[in-house]
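Topology and contacts: notes
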Amino acid sequence: MSVSNRDMANAVRALSIDAVETAKSGHVGLPLGMADAATVLWTKFLKHNPADPDWADRDRFVLSAGHGSMLIYSLLHLTGYSSISRDDIREFRQLGASTPGHPENFVTPGVETTTGPLGQGIATAVGMAMAERHLNARFGDDLVDHKTYVIAGDGCLMEGLSQEALTLAGHLELSNLIVLFDDNAVTIDGGTDMADKTDQCARFEASGWITKRVDGHDPADVEAALTWAQSQSKPVMLAVKTIIGYGAKRAGTGPAHGGPYGAEEVQHVRDAIGWPHAPFEVPADIEDAWVSAGQRCKSDYDAWTARANASAQKATFDDAMAGALPANLSDIINTHKKAVIDGGEDKATRQWSGAVLEPLTAAIPEMIGGSADLTGSNNTKTSHTAPLGPDNWDGRYVHYGIREHAMAAAMNGMALHGGVIPYSGTFLIFADYSRPAIRLGALMGERVVHVMTHDSIGLGEDGPTHQPVEQIASLRAMPNMLVFRPCDGVETAECWELALRNDLGPSTLALTRQKLASSRKSHSDDNLCTKGAYILSDADDAKAVILATGSEVEIALAAQATLATKGIAVRVVSVPCMDLFEQQSAAYQRDTLGQDLPKVAVEAGVRMGWDRWIGYDGGFVGMDSFGASAPSQQLFEKFGITAEAVVSEVEDRL
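Bear in mind that the values here come from a model prediction, so they are computed numbers and not experimental data.

**Overview of the sheet that holds strand 14 (residues 534-537)**
If you trace the five strands from one edge of the open sheet to the other, you get 14-16-15-17-18, paired in mixed fashion. Each edge of the sheet is formed by a strand with only one pairing partner; in this case those strands are strand 14 and strand 18 (619-621). The mean angle between the axes of side-by-side strands here comes to 30°, regardless of whether they run parallel or antiparallel. For strand 15 (residues 544-548) and strand 16 (residues 570-574), the ladder comprises five bridges, and the chain directions are parallel. What sits directly across from Ala544, in strand 16, is Val570. Across the sheet, helix 26 (residues 643-652) touches strand 15, strand 16, strand 17 (599-602) and strand 18, and the angle it forms with strand 18 is around 170°.

**Brief notes about the sheet that holds strand 13 (residues 507-510)**
With parallel pairing, six strands are arranged side by side in an open sheet as 9-8-10-11-13-12. The sheet is open, and its two borders are formed by strand 9 (397-399) and strand 12 (482-484), each paired with just one other strand. If you compare each strand with its neighbour and ignore which way they point, the axes differ by 20° on average. Bridging between strand 8 (residues 367-371) and strand 9 involves three bridges; their strand directions are parallel. Bridge pairing in strand 9 links Gly370 to Val398. Across the sheet, helix 15 (residues 349-363) is in contact with strand 8, strand 10 (421-427) and strand 11 (449-453); its angle to strand 8 comes to roughly 150°. Running at roughly 165° to strand 10, helix 17 (residues 404-417) makes contact with strand 8, strand 10 and strand 11 of the sheet.

**Some details on the pairing of strand 13**
The alternating pattern of strand 13 places Ser507 and Leu509 on one face and Thr508 and Ala510 on the opposite face, and all of these are buried. Sheet topology places strand 12 next to strand 13; three bridges connect them, and they run parallel. Along strand 13, the bridge assignment pairs Leu482 with Ser507. On the question of chirality, the crossover connecting strand 12 to the parallel strand 13 by way of helix 20 (residues 489-501) is right-handed.

**Looking at helix 11 (residues 284-294)**
Residues Ile286, Trp290, Ala293 and Gly294 constitute the buried set of helix 11. Viewed along the axis of helix 11, the buried residues span an arc of 105°, placing them on a single side of the element. Across from the buried face of helix 11, at angles greater than 90 degrees, the exposed residues are Ala284 and Asp288. On the buried face of helix 11, the contacting elements are helix 1 (5-23), helix 2 (29-44) and helix 3 (69-79).

**Describing the pattern of salt bridges**
Taken as a whole and assessed by the stated rule, the structure comprises 31 salt bridges. In this structure, Asp142 engages Arg307 in a salt bridge whose closest nitrogen and oxygen atoms are separated by 3.8 Å. With Asp142 in the loop between helix 5 (120-139) and strand 2 (148-152) and Arg307 in helix 12 (residues 298-310), this pair connects stretches of sequence that are 165 residues apart. The class for Asp142 is partly exposed, based on a relative accessible area of 48%. In this structure, the salt-bridge partner of Asp611 is Arg607, at a minimum N-O distance of 2.6 Å. Accessibility expressed as a relative area gives 24% for Asp611, which makes it partly exposed. Overall, the relative accessible area of 27% leaves Arg607 in the partly exposed class. Residues participating in the shared-partner salt-bridge network are Arg6, Arg13 and Asp36.

**Here's the deal with the packing of aromatic side chains**
For the coordinates displayed, the defined rule picks out twelve aromatic pairs. Between the aromatic rings of Trp304 and Phe317, the centroid separation amounts to 6.3 Å while the plane-to-plane angle is 65°, which identifies the pairing as edge-to-face. A residue pair is termed long-range when its members are at least 10 positions apart, and Trp304 in helix 12 and Phe317 in helix 13 (residues 314-322) qualify at 13 residues. Summarising the burial analysis for this pair, Trp304 and Phe317 share the class buried.

Analysis parameters
- Residues numbered from 1 in each chain as written.
- Predicted model: local features only at pLDDT ≥ 70, side-chain atom pairs only at ≥ 80, totals over all residues.
- Heavy atoms only, no water.
- Pairing = 2+ DSSP bridges.
- Helix = DSSP H or I, 4+ residues; strand = E, 2+ residues; numbered from the N terminus.
- Axes fitted to C-alpha atoms, helices over the stretch in contact; angles between N-to-C directions.
- Contact = heavy atoms within 4.5 Å.
- Buried < 20%, exposed > 50% of the residue type's maximum accessible area, 1.4 Å probe, protein only.
- Right-handed = clockwise from strand over helix to strand, strands pointing away.
- Arc of directions from axis to C-beta.
- Salt bridge = Lys/Arg side-chain N within 4 Å of Asp/Glu carboxyl O.
- Phe/Tyr/Trp six-rings, centres within 6.5 Å; stacked < 30°, edge-to-face > 60°.

Quick look at the structure:
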């Protein structure tokens, strides 16, 4: 007797319910409901190779509804991924297992992106699809020609992020993106009609998608819909009607969503789906059918490998997918630094960022920029980055519109896909709009560069709604995030180099709106920002140390000059990246800050994070309130962020 789609789907259901019941926690409702549709996708459409989870031309599969993680763990295990053993299934949600509560790409090979916060997966998938289209235009069908599939739930589509993401995808006509909406009409509290009346098909269609309603428990209907989706000219959303907790007494209700069902309910599910086997046991014929499905794309893989090996673009393609940087990157930066010093101009660091991006985007074709409708303010577009879109997938600049959250999530997806290095801009205050995606990128360790301009009260007249006060400190508090706040054109170039070399996580460049005088007057081939902080201006027999970042470095230097006229020698330390300074040896930190010298920090933000360096008895000149609307110089005076205030803080400690 042949093994049916339902037999194979029931193996997914059984492993999922056994794992959740053993762990006494988890969300089994989605795997029970979506098993039939997911089995069709994984056995007949998804292009992948369990023996090579990193195959560059594989389809990407994103479980946006990450709480249903046992669905993807069962699929990976059954199709032959070595990253998940049967023991890992038994150890679901336990320390050290490759089956954490929500899918984590840095734990489990085969998981494309970390999901769990609802809506992040579908927005990240948009970035993956964008990267595929761009790389297809650059390298051709022989090397890049795949799709991105998403399973998303009602919760994903209720989150506001989904609106940003789906309208962006519709605008870009991402025909390589197919979303399977688990249309079970249930959330934790109960039926979705308690909180929502949205016709999701109408919503997607209004945003430029093509949709189709599908019976999620009819494999033939699912297969026909997925076959139809392959040839559409726009992104596709399949509203897959399912019963959450399929087979359970509580099926179709809020309690079916999650939690262990208990022995009686588990047995009811087993009886309902005709599964008499012991926990974690899968009959050999069903296991064999799944393994065979996992090997279905072996010929595609072999053919692609042969094409790639024979391609004249192989070396360039491999470098792009590896995220390699030019060997002469430091030379490019040093040439630019010399030009900055020779020019002697006063500019905002956002302008200096735009200036250094010119040679960087010329030398690094993988860099794809963008902005959330603030291109002229963020200075993220260069002469080398034409707009990217359905009429020009070769382009390297994304007009994200006013979609900060989706922009950050899409950049995560682009970085996860590989082959591109995404960066984009908005105002620093709007980091709060995109923070969940920024945090997820830090958790995953993805190289994404967030250009955040208008970084303090220095932006002036737009007032406290737009003036960051606590944002820099909050981003510094985020693990695995490098926050750069350069003081001039030289430091800005050096920080860009460090951000590009940081392939272990995202970076934020906090840049000024207002012009700044150059603080670095002489050239050094060394990147002085590498260690996060360095002695910018020393003095013989220094009696105190002033630490500063960004626009306040010039205030620190002015205070140093004033103190010198009073016979008080002080050292000025620039701290462009506190995070990197934390990574240095205690000896370097001590040598830079001085042994037992009084310390004063000046930064147009809150004090949080500075006490580690200046001590609780150290002086701080900065913000302890929101800003105000006025020209920037008046604001610095109003809030006491002046050279005179720094002088007073130093004198108070001598």
